[in-house]
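Read off the chains here:
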Amino acid sequence: MAELLKILEKENRNRSEETCTEALYLEEEYVKGLIHDTMPNLDIYHVGKVNNNFLEGMYQLTKAEYISRHGFCKELNLLHVTSQENIHSIIKDNLDWRRVTRRAFGSGTYFSTDAMRANSICNPNCGVKRAIIVCKVLVSCSGTFTGQPHTNTIPQHIDTCIDESRNIYVKYNDNEFLPLFVAYYDYKIL
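Residues numbered from 1 in each chain as written. Predicted model: local features only at pLDDT ≥ 70, side-chain atom pairs only at ≥ 80, totals over all residues. Heavy atoms only, no water.

Q: Help me understand the overall build of the protein chain, please; the structure alone is not making it clear to me.
A: Counting secondary structure elements, the protein chain contains five helices and nine strands. Reading the helices (α) and strands (β) of the protein chain from amino to carboxyl end gives α-β-α-β-α-β-α-β-α-β-β-β-β-β. For the protein chain, the residues scored as buried account for 48% of the 190 residues in total. A separation of at least 24 residues holds for 76% of the contacts in the protein chain among residues at least 6 apart in sequence. Roughly 10100 Å² of accessible area belongs to the protein chain as shown, and the carbon and sulfur atoms make up 52% of that amount. (Helix = DSSP H or I, 4+ residues; strand = E, 2+ residues; numbered from the N terminus. Buried < 20%, exposed > 50% of the residue type's maximum accessible area, 1.4 Å probe, protein only. Contact = heavy atoms within 4.5 Å. Areas by Shrake-Rupley, 256 points an atom, 1.4 Å probe, with all protein chains shown as cover.)

Here you go:
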């Protein structure tokens, strides 16, 4: 499946910039599978594919820099939840860690390996109309979060903090993540 997504990604690379187009059937099934692993009853009513050549170029430059500096770089597909109102600006300018209001693991952009956890750390002010963004995330030099909650201090010499359960990844720099897909849903407290 991952190889198929890479082929589809290359085919769509030269299409329009800064858009969210209809995801292909296999892409939609992949996104729904990631989400339904931990939120099996979530009603996803639309899946879109993000296209932004500039963001992809900046992401690829950052990846090349990490490989040059550290000799390696992992790419993970992780989830980020936000309000549907934020999607247009994210497609255009990417996620911005400086605009984050929650700081349980420090100032940064929060990602998770599972949809339920991503939804639970979403800002409550995001309301009912939410979106799960599937992002490629670079991890080169990581550390386990050991600081005080609600800290504003960005860790030195690492690009990613990971919580002890390895479910939450916090990124502190620009261009280390690339939105791929957006899944739209209505958040209902069960």
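Read on, since the account is not over.
Q: In this structure, what is going on with the pairing of strand β4 (residues 109-112)? I would like to understand it.
A: Successive side chains on a regular strand alternate, one facing one side of the sheet and the next facing the other. Side chains Thr-109 and Phe-111 project from β4 onto one buried face, and the interleaved Tyr-110 and Ser-112 project onto a second face that is buried too. In this sheet, strand β8 (residues 168-171) lies alongside β4 in antiparallel orientation, the contact comprising four bridges. Note that in β8 the partner of Phe-111 across the bridge is Tyr-169. (Pairing = 2+ DSSP bridges.)

Q: Would you take a moment to explain the confidence of the model for the protein chain for this structure?
A: Low pLDDT marks regions whose predicted coordinates should not be analysed in detail. Here the protein chain averages 86 in pLDDT, while 83% of its residues score no lower than 70. Looking across the protein chain, the model is least confident in helix α1 (residues 2-12), with a mean pLDDT of 63, and most confident in strand β9 (residues 177-186), with 97. (pLDDT = per-residue confidence, 0-100.)

Q: Just to check I follow, could you spell out the packing of aromatic side chains for this structure?
A: The geometry of an aromatic ring pair is captured by two quantities: the separation of the ring centres and the angle between the planes. The tally for this structure, following the rule as stated, stands at one aromatic pair. Relative to Phe-177, the ring of Phe-111 lies with its centre 5.3 Å away and its plane at 50 degrees, an arrangement referred to as tilted. Of the two residues, Phe-111 sits in strand β4 while Phe-177 sits in strand β9, which places them 66 residues apart along the sequence. Note on accessibility: Phe-111 and Phe-177 belong to one class, buried. The ring of Tyr-187 is capped by Arg-130, whose NZ or CZ atom sits 4.0 Å from the centre of that ring. (Phe/Tyr/Trp six-rings, centres within 6.5 Å; stacked < 30°, edge-to-face > 60°. Lys NZ or Arg CZ within 6 Å of the ring centre and 35° of its normal.)

Q: I tried to follow the environment of Val-139 on my own but got confused; where do I start?
A: By the secondary structure assignment, Val-139 is in strand β5 (residues 129-139). Its relative accessible area of 1% is what places Val-139 among the buried residues. Each C-alpha atom of the pair Val-139 and Lys-74 lies 5.1 Å from the other, and the pair is 65 residues apart in sequence. Contact partners of Val-139, with chain neighbours within four places excluded, come to Cys-73, Lys-74, Leu-76, Asp-159, Thr-160, Tyr-169 and Lys-171.

Q: Looking at this structure, how should I read the pattern of salt bridges?
A: Where charged atoms from two side chains of opposite charge come close, those side chains can pair. Under the counting rule described, the total for this entry stands at nine salt bridges. Between Glu-65 and Arg-69 there is a salt bridge; the shortest N-O distance is 3.1 Å. With Glu-65 and Arg-69 both in helix α3 (residues 53-70) and four residues apart, the pair spans about one turn of that helix. Two residues, Lys-136 and Glu-75, come together in a salt bridge whose shortest N-O distance is 4.0 Å. Remark: Glu-75 occurs in strand β3 (residues 74-83) and Lys-136 occurs in strand β5; sequence separation between them is 61 residues. Residue classification places Lys-136 among the buried positions, given a relative accessible area of 10%. If you follow the salt bridges from partner to partner, you end up with Lys-63, Glu-75 and Lys-136 in one network. (Salt bridge = Lys/Arg side-chain N within 4 Å of Asp/Glu carboxyl O.)

Q: Just to check I follow, could you spell out the nonpolar core for this structure?
A: Counting residues in hydrophobic clusters, the biggest one holds 26 residues, and the most contacted among them are Val-31, Ile-35, Leu-42, Ile-132 and Ala-183. Contributing elements (two or more residues each) for this core: α2 (25-36), β2 (44-51), α3, β3, α5 (115-120), β5 and β9. Among the elements that take part in this core, β9 stands out by supplying five residues, more than any other. (Core = buried A, V, L, I, M, F, W, Y, C linked by side-chain atoms within 4.5 Å.)

Q: Hey, could you run me through the environment of Asn-94 in this one?
A: In this fold, Asn-94 is placed in the loop between α4 (87-93) and β4. A relative accessible area of 7% places Asn-94 in the buried class. It is 7.1 Å that separates the C-alpha atoms of Asn-94 and Pro-179, two residues lying 85 residues apart in sequence. Sequence-distant contacts of Asn-94, that is, excluding residues within four places in its chain, are made with Leu-55, Ser-89, Phe-177 and Pro-179. At 2.9 Å, the side chain of Asn-94 and the backbone oxygen of Phe-177 are in polar contact. (Polar contact = N/O pair within 3.5 Å; in protein donor to acceptor, adjacent residues only side chain to side chain.)

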